[in-house]
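The lines below spell out each chain.
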Amino acid sequence: MGISIWQLLIILVIVLLLFGAKRLRNVGGDLGQAVKGFKDSMKDDESKKDAASDQRIESQSAEPEETTQSATNATSDKDKV
């Protein structure tokens, strides 16, 4: 009990008669630009999240190195004494 192809065609003809081909073309173009803008903003948001997570990972990996270096320095100080 869904919508058949004939019902969709009748609706399309009625909409075309009401709005005209030029206006529908403009609406379609505007809709396409809106979808493109949405996709671009989603990509930008994902790249910002990736950059933030990369910075977080780099800062976390830098902390153990500093701890290892300070432990090595403490060991070498003990050897000097």
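Up top you'll find the structure we're talking about.
Small disclaimer: the values here were computed from a predicted structure and weren't measured.

A. Structural detail: the overall build of the protein. Along the protein, the regular secondary structure elements total two helices and zero strands. The 81 residues of the protein split such that 0% are buried. Of the accessible surface of the protein, which amounts to about 7,600 Å², a share of 61% is contributed by carbon and sulfur atoms.

B. Spotlight on helix α1 (residues 5-19). Between its first and last C-alpha, α1 extends 21 Å over 15 residues, near the 21 Å set by a 1.5 Å rise per residue. Two residues or fewer past α1, Gly-20 is found with a positive phi of approximately 90 degrees.

C. Local environment of a nonpolar patch on the surface. A cluster of nonpolar side chains, contributed by Ile-3, Ile-5, Trp-6, Leu-8, Leu-9, Ile-11 and Leu-12, occupies part of the molecular surface with about 770 Å² of accessible area. One can find Ile-5 in helix α1. With a relative accessible area of 55%, Ile-5 lands in the exposed category.

D. Layout of a negative patch on the surface. Taken together, the side chains of Glu-46, Asp-50, Asp-54 and Glu-58 present a region of like negative charge at the surface. Positionally, Glu-58 belongs in helix α2 (residues 21-80). By relative accessible area, which is 54% here, Glu-58 ends up exposed.

Analysis parameters
Residues numbered from 1 in each chain as written. Predicted model: local features only at pLDDT ≥ 70, side-chain atom pairs only at ≥ 80, totals over all residues. Heavy atoms only, no water. Helix = DSSP H or I, 4+ residues; strand = E, 2+ residues; numbered from the N terminus. Buried < 20%, exposed > 50% of the residue type's maximum accessible area, 1.4 Å probe, protein only. Areas by Shrake-Rupley, 256 points an atom, 1.4 Å probe, with all protein chains shown as cover. Expected span 1.5 Å × (residues − 1). Patch = residues over 30% accessible without salt bridge, like charges linked within 9 Å, V, L, I, M, F, W, Y side chains within 5 Å. Salt bridge = Lys/Arg side-chain N within 4 Å of Asp/Glu carboxyl O. Lys, Arg positive; Asp, Glu negative; His and termini not counted. Charge placed at Lys NZ, Arg CZ, Asp CG, Glu CD.

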